[in-house]
Amino acid sequence: MSTAPATTTTKERILDAAEEIMLQKSFHSVGLNEILSAVKVPKGSFYHYFQSKEQFGVELLKHYVADASVFKRKALLTTELSADPAERLAAYYDLAIANLMGNSCQCSCLVAKLASEVATFSDDMRAVLAEGMREWRGFLEKVILEGQEKGVFRKELNAAATAAMAQDLWMGANQRMQVEKSVTPLRAAAMFIRTYLSLA
């Protein structure tokens, strides 16, 4: 999900390549040589930018979260998908499901992919994951508040708690999708969230 400019630095190239490889595998199963071979840079270049694999993991997650946040903020907090917050949230989930279907139900979120693997391995990496999830939850909270203000979402709901519930439900459905190789859990989660928020 990189939004880096055309003139990427060597560090960005390493991070972009690692993101793609780790979405297919895992953090611990990917060796440095595999990443460096993908971008055709010598091993010395890695240690010029990263002191260790753990520090590289921190930078990788920061890089991914920053890119993902740009996308999520634009999708959820602007009118690009829809001026109506209810339609916008529905379109956001529909877009995610369509992308996952096109990717054969392969996880496309590095945070979801690596969360359980690295959270107990590195507290610094865990902190980046936690901050990214807090930021994304904040986007959901803002679109829910907007919907409440515009009269399309239930006003009695606590927006922060509802955003947390929606995020937890979506991440759980994402895990089931990977196990079952089906977007059915995601569709059910999206429908539940829409119904839960709806005035009808």
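Please read all numbers here as calculations on a predicted model, not as lab measurements.

Caption draft 1: A look at the overall build of the chain. On a plain count of helices and strands, the chain comes out with nine helices and zero strands. At 18 Å, the chain has a C-alpha radius of gyration in line with the 16 Å of a compact globule built from 200 residues. Within the chain, the proportion of its 200 residues that are buried is 43%. Partitioning the contacts of the chain with sequence separation of at least 6, the portion at a separation of at least 24 is 66%. By element, 54% of the accessible surface of the chain is carried by carbon and sulfur atoms, the whole surface being about 10,100 Å². Charge centroids of the chain, computed over 23 positive and 23 negative side chains, lie 2 Å from each other.

Caption draft 2: Quick peek at the pattern of salt bridges. Enumeration according to the criterion identifies ten salt bridges in this entry. Residue K25 is joined to E34 by a salt bridge in which the shortest nitrogen-to-oxygen separation is 2.8 Å. The class for K25 is partly exposed, based on a relative accessible area of 39%. For E34, a relative accessible area of 30% corresponds to the partly exposed category. R154 is the partner of E156 in a salt bridge, and the nearest nitrogen-oxygen pair spans 2.7 Å. Overall, E156 belongs to the exposed group, its relative accessible area being 58%. Taken together, the salt bridges that share partners define one network made up of R88, E146 and K150.

Caption draft 3: Layout of the nonpolar core. In terms of nonpolar packing, the biggest core is built from 60 residues, with M22, F56, L89 and Y93 touching the most fellow members. Counting only elements with at least two residues in this core, the list comes to α1 (10–24), α2 (32–39), α4 (53–77), α5 (85–102), α6 (110–118), α7 (123–149), α8 (159–180) and α9 (184–197). Ignoring any residue separated from it by four or fewer positions in sequence, one finds L89 in contact with L76, L140, V143, F153, I193 and L197.

Caption draft 4: Here's a closer look at the packing of α7 against α8. Relative to each other, α7 and α8 sit at 125°, their axes nearing to 8 Å. Our classification of the angle between α7 and α8 gives oblique. Like other packed secondary-structure pairs, α7 and α8 cross with a definite hand, here right-handed. Every residue of α8 that contacts α7 at M133, W136, R137, L140, E141, I144, L145 and Q148 is listed here: A159, A160, T162, A163, A164, A166, Q167 and M171. Classifying every residue of the contact of α7 with α8 gives eleven nonpolar, three polar and two charged.

Rules and cut-offs
Chains are numbered independently. Their residues run from 1 in the order of the written sequence. Local features are withheld for residues below a pLDDT of 70 in this predicted model, meaning they are given only at 70 or higher, and side-chain atom pairs are given and counted only at 80 or more; totals for whole chains, interfaces and linings count all residues. Side-chain metrics rest on all non-hydrogen atoms present in the structure, leaving aside hydrogens and water. Note on conventions: DSSP H or I runs of at least 4 residues are helices, E runs of at least 2 residues are strands, and numbering of each starts at the N terminus. Atoms counted for the radius of gyration: C-alpha only. Globule rule: 2.2 Å times residue count to the power 0.38. Each residue is assigned to one of three classes by its accessible area relative to the maximum for its type, calculated with a 1.4 Å probe on protein chains only: buried under 20%, partly exposed between the two thresholds, exposed over 50%. Working rule for contacts: check all heavy atoms of both residues, and any pair within 4.5 Å makes them a contact. Throughout, the Shrake-Rupley method with a 1.4 Å probe supplies accessible areas, and for residues the shown protein chains are the sole cover considered. For the purpose of charge, His is not counted, nor are the chain termini; Lys and Arg are scored as positive and Asp and Glu as negative. One atom stands in for each charge, and that atom is NZ of Lys, CZ of Arg, CG of Asp or CD of Glu. For this document, the term salt bridge refers to a Lys or Arg side-chain nitrogen within 4 Å of an Asp or Glu carboxyl oxygen. The term nonpolar core refers to a set of buried residues drawn from Ala, Val, Leu, Ile, Met, Phe, Trp, Tyr and Cys, joined through side-chain atoms within 4.5 Å. Throughout, an axis means a line fitted to C-alpha atoms (over the contacting stretch in the case of helices), and angles, computed between N-to-C directions, take values from 0 to 180 degrees. Oblique is the label for any angle not under 35 degrees, not over 145, and not in the 65 to 115 range, which are roughly parallel, roughly antiparallel and roughly perpendicular in turn. The hand of a helix crossing depends on one turn: near helix anticlockwise from the far one by less than a right angle means left-handed, and clockwise means right-handed. Only Asp, Glu, Lys and Arg are considered charged, only Ala, Val, Leu, Ile, Met, Phe, Trp, Tyr, Cys and Pro nonpolar, and every remaining residue, Gly among them, polar.

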